[in-house]
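Structure assessment
Residue-level listing of the chains:
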Amino acid sequence: KNEVEQSPQNLTAQEGEFITINCSYSVGISALHWLQQHPGGGIVSLFMLSSGKKKHGRLIATINIQEKHSSLHITASHPRDSAVYICAVRGGNQFYFGTGTSLTVIP
Amino acid sequence: SAVISQKPSRDICQRGTSLTIQCQVDSQVTMMFWYRQQPGQSLTLIATANQGSEATYESGFVIDKFPISRPNLTFSTLTVSNMSPEDSSIYLCSVAGTDSYEQYFGPGTRLTVT
């Protein structure tokens, strides 16, 4: 069983749609990260959360520590949002990664 | 934040050869990590590169196959030795932020072994 589970695995949306990606984890964590990986392979850290909610532009990330769950929301999605979104948690000295959600936004 | 560069960005290599990937950080960092991401898979930690001592390898990864150097606090190399097609992956260098909770990733090296 993976320590970090993401859903959905694949997601196709029309431009402008509101998108939600979910992440559940089973280990005790000190921080949760949302990462964005573009087709070339490079990874960008979008958010680091330990509680509550963070917003950056059209992106919103929330975390519920009691339920061990986090969501990444994209409002007014755009084709340039097409990427793989990875949830990662830090438990102790180790990072655990989800398998990623592949998002395609169609114009 | 930290800015990380990797060389090469991609390569196509023949079976049995070795490739050395370089990772350069724009600031001194204590902890540097090497990850592998096989096609369709999530990231897997290969090893933690320690400055001044041997790297710490995760289960399933050995020094003979993935030798790592860390000559100073801004640079590290990962060598993929005696490559086989199963080594075709994206290899990513990462560093931990000063508070050890943030993590920054390099752009990755896409390796294809034929």
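Residues numbered from 1 in each chain as written. Chains lettered and ligands numbered in written order. Predicted model: local features only at pLDDT ≥ 70, side-chain atom pairs only at ≥ 80, totals over all residues. Heavy atoms only, no water.

What follows deals with the interface of chain B and chain A. The interface of chain B with chain A comprises 15 residues on the first partner and 19 residues on the second. Interface of chain B and chain A: buried area, both sides summed, is about 1,500 Å²; carbon and sulfur atoms make up 56% of it. Our count for the contact surface shared by chain B and chain A stands at zero salt bridges. Of all elements in the fold, only strand S4 (32–37), strand S9 (89–96) and strand S10 (103–105) of chain B reach the threshold of two or more residues within the side of chain B that touches chain A. (Contact = heavy atoms within 4.5 Å. Buried area = accessible area lost by both parts, 1.4 Å probe. Salt bridge = Lys/Arg side-chain N within 4 Å of Asp/Glu carboxyl O. Helix = DSSP H or I, 4+ residues; strand = E, 2+ residues; numbered from the N terminus.)

Glancing now at the state of the cysteines. Residues and elements named next belong to chain A. Evaluation of the coordinates by the stated rule reveals two disulfides over all chains. The disulfide bridge from Cys23 ends at Cys87, spanning 2.0 Å between sulfur atoms. Between Cys23 and Cys87, the S-S torsion sits near -65°, and that sign places the bridge as left-handed. One end of the pair, Cys23, is in strand S3 (residues 19–25); the other, Cys87, is in strand S9 (residues 83–91), with 64 residues separating them in the sequence. Cys87 shares its class with Cys23; the two are buried. (Disulfide = S-S within 2.5 Å. Buried < 20%, exposed > 50% of the residue type's maximum accessible area, 1.4 Å probe, protein only.)

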